[in-house]
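# An overview of the molecular structure
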Amino acid sequence: IIDTGTSLITGPTKDVDKLLNLLPIESDCKNYNTTNDLTFVFSNDEGDFYYPIEKSIFIQKNENDCRSMIVPLDLPKEHGPA
């Protein structure tokens, strides 16, 4: 689900945890400059669509404090799967 009304990137806990392990975001911002941008790949019968996201979008950075804007969100079964 793509929701343009939120500033967060959310997904199922198991998937978000895997992603965050690949993109470690240190709260003291020590690795901010070496953190890569992120690209989501959406596939359909016509091929792949690449959606790049700069790190300044998925990492909130204040002076010496960084916070991930990628968070887990598990929907109840009656509202899923998503």
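Look up: the structure comes first, before these words.
Figured I'd write up the structure that's included with this text. Along each chain, residues carry numbers from 1 onward, in the same order as the chain's sequence is written. Only residues with pLDDT of at least 70 get local features here, since the model is predicted, and only at 80 or more are side-chain atom pairs given and counted; chain-wide, interface and lining totals rely on the full set of residues. With hydrogens and water set aside, each side-chain value is computed from the structure's full complement of heavy atoms.

## So, the side chain of Ser-68
Topologically, Ser-68 is positioned in strand S5 (residues 65-68). Residue Ser-68 is classed as buried on the basis of its relative accessible area, which comes to 18%. Here Ile-70 takes part through its backbone nitrogen, which lies 3.0 Å from a polar atom of the side chain of Ser-68. Filtering out sequence-adjacent residues up to four positions away, Ser-68 remains in contact with Leu-20, Ile-25 and Phe-58. Counting from the N terminus, the helices are the DSSP runs of H or I reaching at least four residues and the strands are the DSSP runs of E reaching at least two. Accessible area is worked out with a 1.4 Å probe on protein chains only. A residue is then buried under 20% of its type maximum, exposed over 50%, and partly exposed in between. Any pair of nitrogen or oxygen atoms within 3.5 Å is treated as a polar contact; in protein, a donor-acceptor pairing is required on top of that, and neighbouring residues in sequence qualify only through side-chain atoms on both sides. Should any heavy atoms of two residues lie within 4.5 Å, those residues are counted as being in contact.

## Overview of the state of the cysteines
Count a disulfide wherever a pair of cysteine sulfur atoms falls within 2.5 Å. Applying the stated rule across the entire model yields one disulfide. One disulfide bridge connects Cys-29 with Cys-66, the sulfur atoms lying 2.1 Å from each other. Every disulfide takes its handedness from the sign of the S-S torsion; for Cys-29 and Cys-66 that torsion is 115 degrees, giving right-handed. You can see Cys-29 sitting in the loop between helix H1 (13-22) and strand S2 (38-44) and its partner Cys-66 sitting in strand S5, a full 37 residues away along the chain. Here Cys-29 and Cys-66 have matching classes, each one buried.

## A look at the environment of Leu-75
Structurally, the position occupied by Leu-75 is in the segment after strand S6 (70-72). In this structure, the C-alpha to C-alpha distance between Leu-75 and Asp-15, residues 60 residues apart in sequence, is 13 Å.

## Side note on the pattern of salt bridges
The working definition used for a salt bridge is a side-chain nitrogen of Lys or Arg within 4 Å of a carboxyl oxygen of Asp or Glu. Per the stated rule, a full pass over the model turns up one salt bridge. Of the charged contacts, one joins Asp-28 and Lys-30 as a salt bridge, the two residues approaching to 3.8 Å between their closest N and O atoms. A relative accessible area of 33% places Asp-28 in the partly exposed class.

## Digging into the pairing of strand S4 (residues 59-62)
Only strands that DSSP links by at least two bridges are regarded as paired with each other. As paired strands, S4 and S5 are joined by four bridges and run antiparallel to one another. Following the sheet pairing, Ile-59 is matched in S5 by Ser-68. Where S4 hands over to S5, the hairpin turn is made up of two residues, counted between the paired strands.

## Topic: the pairing of strand S3 (residues 47-53)
Sheet analysis places S2 next to S3, joined by seven bridges and oriented antiparallel. Bridging across to S3, Asn-44 finds its partner in Gly-47. A loop of two residues connects S2 with S3, the two strands running antiparallel in sequence.

## Digging into the environment of Thr-10
You can see Thr-10 is positioned in strand S1 (residues 9-11). According to the relative accessible area criterion, Thr-10 is partly exposed, its value standing at 40%. Spatially, the C-alpha atom of Thr-10 lies 8.8 Å from that of Asp-74, the residues being 64 residues apart in sequence. Apart from residues no more than four positions distant in its own chain, Thr-10 is found in contact with Val-16, Val-71 and Leu-73.

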